[in-house]
Each structure stands twice: as C-alpha cells, then as structure tokens.
Amino acid sequence: MAKIHVLVPNQELADYALQIIAEEKIESCSVQVIHTNAAVRTAREAIQDGANVIVARGLQADLIREYTKIPLVNISMTGQEVGLLVEEAKHLVQKDNPVIALIGHYTMFPDSSYMDEIFHVRLRFYTYEDRSRIETITQKAVAEGADLVIGGERVLKCMRQYPATQALFLRTREDSLRKALHVACKMVYTSQVEKENNAQFMTV
C-alpha cells in the first residue's frame with residue numbers, strides 16, 4: 001500500500017496530483033477522489049493498508065485530523081491560486097470593485113496582502129476552525145454584502161439559500177498540491193530515518 005495517500009474532492013485535483021507524482025517520480029503514493037462524508041472512513045482504510053501520511057484539503061482534512069491520528073498534510077492555497085480565483089470571480093460578477101468573500105478552513109489561505117489594490121476588488125476572508133460554523137459564516141458573508149462567495153462543497157450547498165448572490169467553487173491547483181506532496185515526502189523520509197535509528201539503537 002502507498003505510504004502517502006492523497007484524498008481530494010474532485011477529479012481535476014486528482015489529475016493534478018497524478019501528474020505531479022509522475023513528473024517527480026514520487027514512489028509509493030496513491031490518489032483517491034472522495035466525497036466529504038466518506039473522508040474519515042477512507043482515511044482509516046488507508047491507515048489499515050499501511051499509509052504513513054494523508055494529504056487532504058479543507059473540510060475533508062479537518063474531519064480526518066479530528067477522527068484519526070495519522071500525520072496529515074493540508075493542501076493550502078498559494079497566492080497565485082487565490083489571484084486566479086479572484087480574476088474568475090470578477091469576470092462572473094462584471095462589476096467595478098466587487099466584494100468577493102472567500103470562506104474556508106483557517107489553514108487554507110495564504111497571505112493575500114495588497115490583492116485588493118492589485119485586482120481592484122474588496123476581498124474578504126471568512127475562516128473557521130469548527131465546521132459547525134460554516135452555515136453561520138456563509139450567512140454573514142452574504143449579509144455583509146458579498147457580490148460573490150467562493151467556498152468548498154459545504155459552502156456552495158449553503159449558498160443555495162441565497163440565489164441572488166453568485167458562488168464559485170474554491171479550487172486549488174497544481175501549485176498547492178505540489179507543495180503538499182513535497183511536505184508529505186519529507187514526513188515519510190523523516191519517519192523512515194527515525195525507524196532506522198530506533199532499530200540501530202535497539203540493536204546496540
């Protein structure tokens with residue numbers, strides 16, 4: 001079984017991950033597309049099959065972190081990825097200086113200083129630690145005048161209550177996945193070195 005198990009919410013991310021794994025010749029790494037309600041069960045199955053590290057994002061990562069003990073690498077967005085989403089949001093809204101709300105787990109977003117000036121938008125970040133607050137935070141973003149809300153599966157589901165406000169899926173791309181996979185590889189390497197050192201110590 002793969003030592004690194006990548007869990008993602010859609011095929012686009014899976015394709016990015018498979019491309020990176022092939023390009024960088026990352027050994028013992030598998031990729032799986034899952035629904036959020038299956039995140040914990042799938043992670044536990046991967047652990048039973050010998051996974052050492054899980055790579056996941058957003059709410060899926062949050063659930064796995066809460067209900068398992070396996071080391072987890074969160075797929076966090078890069079500044080470039082946020083910029084691309086903002087450009088897409090501006091195109092959809094077709095409005096000067098729109099208010100764009102990004103909603104996600106507090107580990108998702110990078111430093112986005114000066115993006116308002118660069119993209120001529122009013123960018124607002126709404127983050128959570130407890131997933132039970134997602135609906136409340138989404139409601140707050142809409143109430144505070146968001147022209148468009150960007151968020152994950154749960155956020156988009158909540159946005160069905162507000163048809164007057166546009167919504168966009170919070171997509172991560174190749175950059176964030178590559179970064180997460182590099183961290184996962186380092187964690188696996190460190191774990192192997194520790195095991196070898198412990199084995200040598202016990203032998204002595």
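Colleague: Even after reading the chapter, I still don't get the overall build of the protein, so can you show me in this structure?
Modeller: The secondary structure content of the protein amounts to 8 helices and 8 strands. When each of the 204 residues of the protein is scored for burial, the buried share is 50%. Of the contacts made within the protein by residues no fewer than 6 positions apart, 63% connect residues no fewer than 24 positions apart. Carbon and sulfur atoms provide 50% of the accessible area of the protein, an area that totals close to 11,000 Å². Charge-centre separation for the protein: the mean point of 23 positive side chains lies 4 Å from the mean point of 26 negative side chains.

Colleague: Honestly, the confidence of the model for the protein in this entry has me stumped. Any pointers?
Modeller: Summary statistics for the protein give a mean pLDDT of 90 and a share of 92% for residues scoring 70 or more. Mean pLDDT across the secondary structure elements of the protein bottoms out at helix α8 (residues 174–203), with 76, and peaks at strand β7 (residues 148–151), with 97.

Colleague: Would you mind showing me how to read helix α4 (residues 79–93) here?
Modeller: Side chains that are three or four residues apart share a direction in an α-helix, a result of its 3.6 residues per turn. In this model α4 runs 21 Å from its N-terminal to its C-terminal C-alpha over 15 residues, within 8% of the 21 Å that 1.5 Å per residue would give. Listed as buried for α4 are E81, V82, G83, L85, V86, A89 and V93. In the stretch just after α4, Q94 is the one whose phi turns positive, near 55°.

Colleague: Is there a simple way to think about the nonpolar core in this case?
Modeller: Nonpolar side chains tend to gather and get buried jointly when the protein is soluble and globular. Within the largest apolar cluster, 20 residues are counted, with the highest numbers of intra-cluster contacts made by I4, V6, C29, V55, L177 and L181. At the level of elements, β1 (4–8), α1 (11–23), β3 (53–56) and α8 are the ones that each hand at least two residues to this core. A per-element tally of this core places α1 first, with 6 residues.

Colleague: Would you take a moment to explain the state of the cysteines for this structure?
Modeller: Should the sulfur atoms of two cysteines be covalently bonded, the bond is a disulfide. A complete count under the given rule lists 0 disulfides for this structure. No disulfide involves C185; its nearest neighbouring cysteine sulfur is the one of C29, lying 6.7 Å away. In this structure C185 comes out as partly exposed when scored by relative accessible area, which is 28%.

Colleague: Would you mind showing me how to read the sheet that holds β7 here?
Modeller: One key point about sheets: their strands pair by backbone hydrogen bonds, in either a parallel or an antiparallel sense. Strand order in the open sheet made by the 4 strands is β6-β5-β7-β8, with parallel pairing throughout. Lying at the two open borders of the sheet, with one neighbouring strand each, are β6 (122–128) and β8 (166–169). Each adjacent strand pair in this sheet contributes to an overall mean axis angle of 20°, direction not counted. Alignment of strand β5 (residues 99–105) against β6, held across 7 bridges, turns out to be parallel. Bridging across to β6, I103 finds its partner in Y126.

Colleague: Teacher, can you tell me more about the environment of R154 here?
Modeller: By the element assignment, R154 lies in helix α7 (residues 153–158). As a C-alpha pair, R154 and L84 span 70 residues in sequence and 21 Å in three-dimensional space. If near-sequence neighbours (up to four positions away) are discounted, R154 is found in contact with L59, R131 and I134.

Colleague: Would you take a moment to explain the pattern of salt bridges for this structure?
Modeller: Side-chain pairs of opposite charge can arise where the charged atoms are in close proximity. In this structure the tally under the stated criterion is 9 salt bridges. Between R171 and E12 there is a salt bridge, with its nearest N and O atoms 3.8 Å apart. Here R171 is found in the loop between β8 and α8, whereas its partner E12 is found in helix α1, with 159 residues between them in sequence. Residue classification places R171 among the buried residues on the basis of a relative accessible area of 18%. Several salt bridges converge on common partners, so that one network encompasses E23, E24, E174 and R178.

Criteria and thresholds
Residues numbered from 1 in each chain as written. Predicted model: local features only at pLDDT ≥ 70, side-chain atom pairs only at ≥ 80, totals over all residues. Heavy atoms only, no water. Helix = DSSP H or I, 4+ residues; strand = E, 2+ residues; numbered from the N terminus. Buried < 20%, exposed > 50% of the residue type's maximum accessible area, 1.4 Å probe, protein only. Contact = heavy atoms within 4.5 Å. Areas by Shrake-Rupley, 256 points an atom, 1.4 Å probe, with all protein chains shown as cover. Lys, Arg positive; Asp, Glu negative; His and termini not counted. Charge placed at Lys NZ, Arg CZ, Asp CG, Glu CD. pLDDT = per-residue confidence, 0-100. Expected span 1.5 Å × (residues − 1). Core = buried A, V, L, I, M, F, W, Y, C linked by side-chain atoms within 4.5 Å. Disulfide = S-S within 2.5 Å. Pairing = 2+ DSSP bridges. Axes fitted to C-alpha atoms, helices over the stretch in contact; angles between N-to-C directions. Salt bridge = Lys/Arg side-chain N within 4 Å of Asp/Glu carboxyl O.

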